[in-house]
Amino acid sequence: MSFSLDTPSIQTLKSEAKSYREERARTGENITHGAALESIARAHGYRDWNTARAMLPERVASPVQVGHRVKGTYLGQNFRGLVLGVQVLSDMQHYQVTIKFDTPVDVVTSKLFSAFRQRVTATVGLNGVSPARTSNGQAQLRLLRE
């Protein structure tokens, strides 16, 4: 199990606990949902689940979260991929997202050569659109959840 969300919410921790419990069940070790919640809370640095519950928001407004499947365009090329990381930026209106593309994307428009990318990190707003633009004025990255 591997999650990396810099601004966790209660919903995020609950999802992690569910995944953790399912993972343990596959190895033959059944644990209660409460035990999974306690373990995940400690993994995030909280004394126990009640402490985490009191300190974290129910949800964090984010265009995507770690583990989400996404599609969209990167430098004008269509892609599908998996969100590997999400980090809220200091203005609380933008996020840095890391995406692993299912199929590498050619980021060069020249017919003379190609340059493929499998993983990118970019900044997007709450709408999932990058404020950075390409030379033709299009957003560098546009995200949609699958």
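Here the residue numbering is sequential within each chain, running from 1 through the sequence in written order. Only residues with pLDDT of at least 70 are given local features in this predicted model, and only at 80 or more are side-chain atom pairs given and counted; all residues enter the totals for whole chains, interfaces and linings. Hydrogens and water molecules were not included; the side-chain quantities draw on all heavy atoms of the structure.

Describing the overall build of the chain
Moving on, step 1. Strands here mean DSSP runs of E at least two residues long; helices mean DSSP runs of H or I at least four residues long; both are numbered from the N terminus. Of the regular secondary structure elements, the chain holds three helices and five strands.
Moving on, step 2. With the C-alpha coordinates of the chain rotated into their principal frame, the extents come out at 55 × 35 × 20 Å.
Moving on, step 3. Note on classification: 1.4 Å probe, protein chains only; a residue is buried when its accessible area is under 20% of the maximum for its type, exposed when over 50%, partly exposed between these limits. Here the chain, with 146 residues, has 36% of them falling under the buried criterion.
Moving on, step 4. For the chain, long-range pairs separated by at least 24 residues make up 46% of all intrachain contacts whose partners lie at least 6 apart in sequence.
Moving on, step 5. Charged-residue counts in this description rest on Lys and Arg as positive and Asp and Glu as negative, His and the chain ends being excluded. A charge is said to be at NZ when it belongs to Lys, at CZ for Arg, at CG for Asp and at CD for Glu. Taking the average location of the 19 positive side-chain charges in the chain and that of its 12 negative ones, the two points are 6 Å from each other. In what follows, residue pairs with any heavy atoms lying within 4.5 Å of each other are defined as contacts.

A closer look at the packing of aromatic side chains
Aromatic ring pairs are defined here through the distance separating the ring centres and the angle between the ring planes.
Moving on, step 1. A pair of Phe, Tyr and Trp rings is counted when the ring centres sit within 6.5 Å of each other, with Trp represented by its six-membered ring. The angle between the planes then sorts it: under 30 degrees is stacked, over 60 is edge-to-face, the rest tilted. Applying the stated criterion across every chain yields a total of two aromatic pairs.
Moving on, step 2. Ring centres 4.7 Å apart and planes at 45 degrees place the aromatic pair Phe79 and Phe101 in the tilted group. You can see Phe79 sitting in strand β2 (residues 77-88) and its partner Phe101 sitting in strand β3 (residues 94-106), a full 22 residues away along the chain. The burial state of Phe79 is the same as that of Phe101; both residues are buried.
Moving on, step 3. Taken together, the ring pairs in this structure connect Tyr74, Phe79 and Phe101 into an aromatic cluster.

Focus: the confidence of the model for the chain
Parts of the prediction with low pLDDT should not have their coordinates interpreted in detail.
Moving on, step 1. As a per-residue measure, pLDDT reflects the predictor's confidence and takes values from 0 up to 100. Averaged over all residues, the pLDDT of the chain equals 86, while 91% of them reach at least 70.
Moving on, step 2. Note on residues 1-5: pLDDT under 50 across the span, and 15 contacts to partners over four residues away in sequence or across chains.

Things to note about the sheet that holds strand β5 (residues 141-145)
Moving on, step 1. Read across the open sheet, the five strands follow the order β4-β3-β2-β1-β5; overall the sheet is antiparallel. The open sheet terminates on both sides in strands that have one partner only, identified here as β4 (116-125) and β5. Across the sheet, the axes of successive neighbouring strands diverge by a mean angle of 35 degrees, strand direction being ignored.
Moving on, step 2. Any two strands are treated as partners once DSSP identifies two or more bridges connecting them. Strand direction decides the pairing type here: strand β1 (residues 69-74) and β5, joined by five bridges, are antiparallel. Bridge pairing in β5 links Gly72 to Leu143. Axes here refer to lines fitted to C-alpha atoms; in helices the fit is confined to the stretch in contact. Angles between the N-to-C directions go from 0 to 180 degrees.

Regarding the side chain of Asp106
Moving on, step 1. Counting through the fold element by element, Asp106 comes out in strand β3.
Moving on, step 2. Under this definition, polar contacts are N or O atom pairs within 3.5 Å; protein pairs additionally need one hydrogen-donor-capable and one acceptor-capable atom, and for neighbouring residues in sequence, both atoms have to be side-chain atoms. There is a polar contact of 3.0 Å between the side chain of Asp106 and the side chain of Ser114.
Moving on, step 3. Here the side chain of Asp106 touches Ala115 through a polar contact of 3.1 Å, landing on its backbone nitrogen.

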